[in-house]
Amino acid sequence: QVQLVESGGGLVQAGGSLRLSCAASGRTFSNYYMGWFRQAPGKEREFVAAISRIGGLTFYEDSVKGRFTISRDNAKMTVYLQMNSLKPEDTAVYYCAAANTITVAVATSSQYDYWGQGTQVTVSS
């Protein structure tokens, strides 16, 4: 079992920044791909970003490329999502997730075995 706890969400004006953190506990953190997903009201959950086990590979959804950065600190068992130049359309509940094996694509939510409870990000215009 892996437990994931997100933090760092909040209310920010458009153009501002937030840094989300996801602290893991349980099994060896470095065994897992880590991803961030988000879900806005009335919409399906969508992929935001992912990072490989050691952090050498990162993946982003097109709308966040150049604005968001995913990183991880395996010693601290934490994954981060630095979000800059935030837009109102980034408003959503953000979830982190852990995948032991990626067989299809990092953007596919069914690949992930464990999920956090989510943290709300609200961007005002």
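A. Main features of the pairing of strand S7 (residues 68–73). Only one face of S7 is covered, namely the one carrying Phe68, Ile70 and Arg72; the face carrying Thr69, Ser71 and Asp73 has none of its residues buried. A loop of four residues connects S7 with strand S8 (residues 78–83), the two strands running antiparallel in sequence, and Met77 in this loop sits at a positive phi of about 55°.

B. Main features of unusual backbone geometry. Positive phi, close to 55°, is recorded for Met77, a residue that is not glycine. Along the polypeptide, Met77 turns up in the loop between S7 and S8. Judged by its relative accessible area of 22%, Met77 is partly exposed. The phi dihedral of Ser85 falls on the positive side, at around 50°, and the residue is not glycine. As for its placement among the helices and strands, Ser85 is situated in the loop between S8 and strand S9 (92–99). By relative accessible area, Ser85 is classed as partly exposed at 40%.

C. Quick peek at the side chain of Arg67. Along the polypeptide, Arg67 turns up in the loop between strand S6 (58–60) and S7. Polar side-chain contacts of Arg67 include one of 3.0 Å to the backbone oxygen of Ser85. Engagement of the side chain of Arg67 in a polar contact is seen with the side chain of Asp90, the distance being 2.8 Å. If we ignore the near neighbours within four places in the chain, the residues touching Arg67 are Gln82, Met83, Asn84, Ser85, Leu86, Lys87 and Asp90.

D. Expanded view of the side chain of Ser52. Mapped onto the secondary structure, Ser52 falls in the loop between strand S5 (46–51) and S6. By relative accessible area, Ser52 is classed as buried at 7%. Side-chain polar atoms of Ser52 contact the backbone nitrogen of Gly56, separated by 3.2 Å. Setting aside anything within four residues of it in sequence, one finds Ser52 in contact with Tyr33, Leu57 and Arg72.

Conventions and cut-offs
- Residues numbered from 1 in each chain as written.
- Predicted model: local features only at pLDDT ≥ 70, side-chain atom pairs only at ≥ 80, totals over all residues.
- Heavy atoms only, no water.
- Buried < 20%, exposed > 50% of the residue type's maximum accessible area, 1.4 Å probe, protein only.
- Helix = DSSP H or I, 4+ residues; strand = E, 2+ residues; numbered from the N terminus.
- Pairing = 2+ DSSP bridges.
- Polar contact = N/O pair within 3.5 Å; in protein donor to acceptor, adjacent residues only side chain to side chain.
- Contact = heavy atoms within 4.5 Å.

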